[in-house]
Each structure stands twice: as C-alpha cells, then as structure tokens.
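Listed below are the residues making up each chain.
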Amino acid sequence: VQLQASGGGLVQAGGSLRLSCAASGRTFRTRAMGWFRQTPGKERDFVAVIKWSGGSTYYADSVKGRFTISRDNANSMVYLQMNSLKPDDTAVYYCAGSDTVIHSELHSSRFYHYWGQGTQVTVSS
C-alpha cells in the first residue's frame, strides 16, 4: 500500500486547509485510514481516523469541531478538512493505513503499518 499526502501549506490563524491522501496498491489491506501529526522532538500524535467500511470517524479532542475527515472509497482517497486553524496545529501531517478497526487501537500509531511521506502545515498567528 502506497500513500501520498498533499495539501499542506502556510495559512493564517483562523484559516482553512484541506489535506488529501491518495492510496494505491493493495488498499484492501487497510480497514481504516488515519491522520497523525508531528512536531520536532515530539511523538506522532493522533488527529483523526475513518473506517473504509461504514465511514465511522473518531477525532482527537484538540481538533473536534474544527477538523473533518472523509473518504472517497471509489478513488481510494481520504481527506482532512481543517478549519479554524490555530498556531498549535502547526506540524507535519501524515496519513496512515491500519488493518484494525478496534477503537482503542485506532488512536495509536503502533497499529498503522502504512504511512505517507507527510505534508507540512504551518499556521501563523
């Protein structure tokens, strides 16, 4: 499974960005797709996840109400719409694929076996 993330950039606080993740290859190996983010010297943090089947979504508390994850099964695409961005949202964002659908596991990067290259999001104050 290959993942290609795009859509990052520089935006002012309060602005919006939409990240995209294109999945290719043996995508049937993944049952859920997530977004994580990482800043220098810190762990990779969970942001949001969506299941391919049924479309259930889960969000980190820090982004609830501001970010929306969605999917396009036909084209193997996953999106992260980010609104009301804050400087604290500045990070490299990664899309990732997991073969689990267990709620508690979907929040941990340990259960994601496929990763995109990351896209930088910078929010200026």
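Preceding this paragraph is the structure being described.
Just so it is clear, the structure is predicted and the values come from calculations on it, not from any experiment.

Participant: I would appreciate a short explanation of the state of the cysteines in the present structure.
Facilitator: Defined simply, a disulfide is a covalent bond joining two cysteines at their sulfur atoms. Per the stated rule, a full pass over the model turns up one disulfide. Disulfide pairing is shown between cysteine 21 and cysteine 95; the S-S distance is 2.2 Å. As the torsion about the S-S bond is roughly 65°, the cysteine 21-cysteine 95 disulfide counts as right-handed. Placement of the pair is cysteine 21 in strand β3 (residues 17-24) and cysteine 95 in strand β9 (residues 91-98), with a sequence separation of 74 residues. Side by side, cysteine 21 and cysteine 95 carry an identical accessibility label, which is buried.

Participant: Would you take a moment to explain the pattern of salt bridges for this structure?
Facilitator: Pairing between side chains of opposite charge can happen when their charged atoms approach one another. Applying the stated criterion across every chain yields a total of three salt bridges. Of the charged contacts, one joins lysine 64 and aspartate 61 as a salt bridge, the two residues approaching to 3.2 Å between their closest N and O atoms. A relative accessible area of 65% places aspartate 61 in the exposed class. Between aspartate 89 and arginine 66 there is a salt bridge; the shortest N-O distance is 2.7 Å. One end of the pair, aspartate 89, is in the loop between β8 (77-82) and β9; the other, arginine 66, is in the loop between β6 (57-59) and β7 (67-72), with 23 residues separating them in the sequence. Per residue, the accessibility class of aspartate 89 equals that of arginine 66, and both read buried. When salt bridges that share partners are traced, they join Arg37, Arg66 and Asp89 into one network.

Cut-offs and rules
Residues numbered from 1 in each chain as written. Predicted model: local features only at pLDDT ≥ 70, side-chain atom pairs only at ≥ 80, totals over all residues. Heavy atoms only, no water. Disulfide = S-S within 2.5 Å. Helix = DSSP H or I, 4+ residues; strand = E, 2+ residues; numbered from the N terminus. Buried < 20%, exposed > 50% of the residue type's maximum accessible area, 1.4 Å probe, protein only. Salt bridge = Lys/Arg side-chain N within 4 Å of Asp/Glu carboxyl O.

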